[in-house]
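Chain by chain, the residues:
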Amino acid sequence: RFTLKAGEVLSNSRTVADHLATLLAGRTRETFVVLFLNGRNALIASEVLFEGTLTQAVVFPREIVKYALLKDAAAVILAHNHPSGEIKPSKDDQAITRKIKQACETVDIRLLDHVIIARGEYFSFADRGYPRGRVHSSSELYSPRVTIRY
């Protein structure tokens with residue numbers, strides 16, 4: 001169950017992680033969620049788009065773009081769980097984030113973050129500056145004018 005209501009402004013990764021913790025806690029399959037935001041980073045909707053196995057979920061960037069366009073989203077935040085408990089993003093996590101970012105850019109949708117939830121903790125791509133290693137404050141990246149830089 002999602003905890004944020006439509007219209008609430010998302011300004012940092014902790015808010016996103018808290019929003020998703022209840023939904024993703026205890027799931028035994030990888031579950032991939034997309035948060036759709038307007039131009040002010042206010043939540044339009046949160047949707048579970050893909051579910052997979054214990055170790056992976058098949059994610060289709062075109063489906064994310066399709067849903068974002070249908071919802072008139074100006075930005076998206078990606079999130080998924082790691083049922084294994086490993087909080088660190090895998091190479092596949094990094095690769096799909098880049099693919100989704102590229103797909104979103106073609107239609108002027110900003111990718112603000114990709115959050116991984118595991119064992120009550122979270123990893124934020126935006127906070128860690130993945131993959132270039134530059135550490136950001138999530139409040140800087142969640143600004144309506146800024147996106148993840150790859």
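Residues numbered from 1 in each chain as written. Predicted model: local features only at pLDDT ≥ 70, side-chain atom pairs only at ≥ 80, totals over all residues. Heavy atoms only, no water.

## Regarding the side chain of Asp113
Residue placement: Asp113 occurs in strand S4 (residues 110-118). Although Asp113 lies buried, it forms no salt bridge, and the closest oppositely charged side chain, Arg128, sits 9.5 Å away as judged by the N-O distance. A distance of 2.7 Å separates the side chain of Asp113 from the side chain of Ser124, its partner in a polar contact. (Helix = DSSP H or I, 4+ residues; strand = E, 2+ residues; numbered from the N terminus. Buried < 20%, exposed > 50% of the residue type's maximum accessible area, 1.4 Å probe, protein only. Lys, Arg positive; Asp, Glu negative; His and termini not counted. Salt bridge = Lys/Arg side-chain N within 4 Å of Asp/Glu carboxyl O. Polar contact = N/O pair within 3.5 Å; in protein donor to acceptor, adjacent residues only side chain to side chain.)

## Regarding the sheet that holds strand S5 (residues 121-124)
With mixed pairing, the five strands of this open sheet are ordered in space as S2-S1-S3-S4-S5. Sheet topology places strand S2 (43-51) and S5 at the edges, where each strand pairs with a single neighbour. For this sheet, the mean angle separating the axes of adjacent strands, direction not counted, is 20 degrees. Pairing between strand S3 (residues 75-81) and S4: seven bridges, direction parallel. Bridging from a neighbouring strand, Val76 pairs with Leu111 of S4. Its contacts with the sheet place helix H1 (residues 13-24) against strand S1 (31-37), S2, S3, S4 and S5, and it is angled at close to 135 degrees to S1. In the packing of helix H2 (residues 61-70) onto the sheet, contacts are made with S1, S2 and S3, and the angle to S1 comes to roughly 35 degrees. (Pairing = 2+ DSSP bridges. Axes fitted to C-alpha atoms, helices over the stretch in contact; angles between N-to-C directions. Contact = heavy atoms within 4.5 Å.)

## Examining the pattern of salt bridges
Where charged atoms of side chains with opposite charge meet at close range, the side chains can pair. Tallied over the full model, the rule gives four salt bridges. Between Glu47 and Lys71 there is a salt bridge, and its shortest N-O distance comes to 3.3 Å. Residue Glu47 is found in strand S2, and its partner Lys71 is found in the loop between H2 and S3; the two are separated by 24 residues along the sequence. Ionic pairing is found between Glu105 and Lys101, a salt bridge with its closest N-O pair at 2.2 Å. Of the two residues, Glu105 and Lys101 are both situated in helix H3 (residues 91-105); the distance of four residues between them amounts to about one turn of the helix. Judged by its relative accessible area of 42%, Glu105 is partly exposed.

## Re the packing of aromatic side chains
Evaluated as defined, the whole model comprises three aromatic pairs. Taken together, the ring pairs in this structure connect Phe32, Phe50 and Phe60 into an aromatic cluster. When the ring centre of Phe36 is taken as reference, the NZ or CZ atom of Lys71 above it lies at 5.9 Å. (Phe/Tyr/Trp six-rings, centres within 6.5 Å; stacked < 30°, edge-to-face > 60°. Lys NZ or Arg CZ within 6 Å of the ring centre and 35° of its normal.)

## Describing unusual backbone geometry
Excluding glycine, residues mostly carry a negative phi; peptide bonds, for their part, are mostly trans. Phi angles above zero are rare outside glycine, and Asp72 is one such case at about 55 degrees. Secondary-structure assignment places Asp72 in the loop between H2 and S3. Not every positive phi belongs to a glycine, and Asp108 is a case in point at roughly 60 degrees. With respect to the element layout, Asp108 can be found in the loop between H3 and S4.

## Overview of H3
Here H3 spans 21 Å end to end across 15 residues, near enough to the 21 Å set by a 1.5 Å rise per residue. The inward-facing, buried residues of H3 contact S1, H2, S3, S4 and helix H4 (125-128). (Expected span 1.5 Å × (residues − 1).)

## Some remarks on the pairing of S3
Across a regular strand the side chains alternate sides, sitting on one face of the sheet and then on the other. With seven of seven residues buried, S3 is to be regarded as a mostly interior element. The two faces of S3 match: Ala75, Ile77, Ala79 and Asn81 on one face and Val76, Leu78 and His80 on the other face are all buried. Between the parallel elements S3 and S4, the chain passes through H3 in a crossover that is right-handed. (Right-handed = clockwise from strand over helix to strand, strands pointing away.)

## A word on the confidence of the model for the protein
This prediction gives the protein a mean pLDDT of 85; 83% of its residues lie at or above 70. When mean pLDDT is taken per element in the protein, H2 scores highest with 96 and helix H5 (residues 138-141) scores lowest with 56. (pLDDT = per-residue confidence, 0-100.)

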